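In case you want the letters, here they are:
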Amino acid sequence: MAYKVPFVDFPLHYRRMETEVLATVKEVLGRGDLILRDQLRQFESNIASFLGMEHAIGLNSGTDALYLSLRAAGIGPGDEVITVAHTFVATIAVIVHCGAKPVLVDVGEDFNMDMDQVEPAITPRTKAIIPVHLNGRLCDMEKLMALARKHKLLVIEDAAQALGAKFNGRKAGTFGLTGCFSLYPAKVLGGFGDGGIVVTNDADIATRIRLLRDHGQRRETGDVLCFGFNSRLDNLHAAILDVKLRYLNSWLQRRRELAALYQRGLSDLDDVKLPPPPQAEGRYYDVFQNYVVRARARDRDRLVGYLKDCGVEVLVNNPIPVHHHQALGLQHFRLPMTERLAQEVVSLPLNPELSNEQAEFVIDSVRSFYSGRPFAIKGGK
């Protein structure tokens, strides 16, 4: 189906930078720079500078960014790692792949980890916490880092959806031992394929992750220092991402402008609960990787169908909570907010290519669905 308002407009995104991208592809291929070459190192250096970090390591996915961070930190069998279920399954999968046990806590009204639930979940086996900065908004890292220091726990940040977002003026991915980002095409900085990056200020951790991403080998000497993986960010992807990185700040600003437009257009509706609006000052600087609204459970699926019939492409992430998938063996966790959100959330289109006219069409479509049907969600806006 051809939507009037696509969720992400990849063709337009490409066309707007076609000349630069094709010139970069021609240069990289013409030089034969394919694996672990200068363009990758340059991109790593530039994104580390953007985040104010010492080290950045390009990987093949955000999933491996998390997994190799845990492995490099020594997380393994017998250890417990606290995280949330209101996330993509990869966040939990990497814990299991390390042989450790995931311990799931619920989220709050902002979709992020409920900090009041973290300390009760800590046991003598707890070694790390993975906060997930969902939809371009950080967790309360002041509270989390205080808990981590108190209990001597590692923090590995799942910042896959929060590149450029800030908490108390500090960017996502810069609080913990490592910050892990996805460079999947639909992310705020996305490649033309899979990719990920880890940032850290710990030189030893950076060295271990670099070894793990390339079969455990030190190419300069030919020594193999451990059993590793093939988890490198391809050089061509890195070169294209470096081109895109120049536009990231303007793209983030555009996302915030669109979020403000949705806020103005939908804030008087009692039928939907909106995310916090963008703020120039304050604790949170959100980048709106996703613009997620909440509808009451009995309306949500009909709203989704109505919007799609109008030509608006919307998404429902995790309609089945991760811990409810029986094959994963996580059903013993009771996470009422996570389960409620799975029935209520709808992601509206929001990307730098979205025009004001398209956003207004989305607003009009949502409003027309609710026309004449007053309803208030508990908790307010």
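Below: a short report on this structure.

The rules behind each value
- Residues numbered from 1 in each chain as written.
- Predicted model: local features only at pLDDT ≥ 70, side-chain atom pairs only at ≥ 80, totals over all residues.
- Heavy atoms only, no water.
- Pairing = 2+ DSSP bridges.
- Helix = DSSP H or I, 4+ residues; strand = E, 2+ residues; numbered from the N terminus.
- Right-handed = clockwise from strand over helix to strand, strands pointing away.
- Buried < 20%, exposed > 50% of the residue type's maximum accessible area, 1.4 Å probe, protein only.
- Phe/Tyr/Trp six-rings, centres within 6.5 Å; stacked < 30°, edge-to-face > 60°.
- Lys NZ or Arg CZ within 6 Å of the ring centre and 35° of its normal.
- Axes fitted to C-alpha atoms, helices over the stretch in contact; angles between N-to-C directions.
- Contact = heavy atoms within 4.5 Å.

All right, on to the pairing of strand S4 (residues 126-129) then. As judged from the three bridges shared by strand S2 (residues 80-84) and S4, these two strands associate in the parallel manner. Bridge pairing in S4 links valine 81 to alanine 128. Note: S4 against strand S5 (residues 154-158), two bridges, orientation parallel. Looking at the pairing, isoleucine 129 lines up with valine 155 of S5. After leaving S4, the chain enters helix H7 (residues 141-151) and then returns to the sheet as S5, a path that is right-handed.

For strand S9 (residues 196-200), a buried count of five out of five residues is recorded, marking the element as mostly surrounded by other parts of the structure. Of the two faces of S9, both are covered, the one formed by Gly196, Val198 and Thr200 as well as the one formed by Ile197 and Val199. Note that strand S1 (residues 55-59) and S9 share five bridges and pair antiparallel. In the sheet register, leucine 59 faces S9, and the bridge partner there is glycine 196. Note that strand S8 (residues 178-182) and S9 share four bridges and pair antiparallel.

Before going further, it helps to examine the packing of aromatic side chains. One pass over the full model with this rule turns up nine aromatic pairs. On the numbers, 5.2 Å between centres and 65° between planes, the contact of phenylalanine 167 with tyrosine 284 is edge-to-face. Taken together, the positions of phenylalanine 167 in strand S6 (residues 166-167) and tyrosine 284 in strand S13 (residues 284-285) put the pair 117 residues apart, joining distant regions of the chain. Owing to a relative accessible area of 15%, tyrosine 284 belongs among the buried residues under this scheme. An aromatic cluster is present here, built from Phe167, Phe175 and Tyr284 joined pairwise through their rings. One cation-aromatic arrangement involves lysine 166 over tyrosine 285; the distance from NZ or CZ to the ring centre is 5.1 Å. Between the NZ or CZ atom of arginine 256 and the centre of the ring of tyrosine 285, over which it lies, the distance is 3.9 Å.

Read from one edge to the other, the open sheet built from seven strands follows the order S1-S9-S8-S5-S4-S2-S3, with strand pairing classed as mixed. With one partner strand each, in any of the chains shown, S1 and strand S3 (101-105) form the two edges of the open sheet. For this sheet, the mean angle separating the axes of adjacent strands, direction not counted, is 25°. Those strands touched by H7 are S4 and S5, and its axis lies near 150° from that of S5. In the packing of helix H8 (residues 203-213) onto the sheet, the strands contacted are S1, S8 and S9, and the crossing angle to S1 comes to about 15°.

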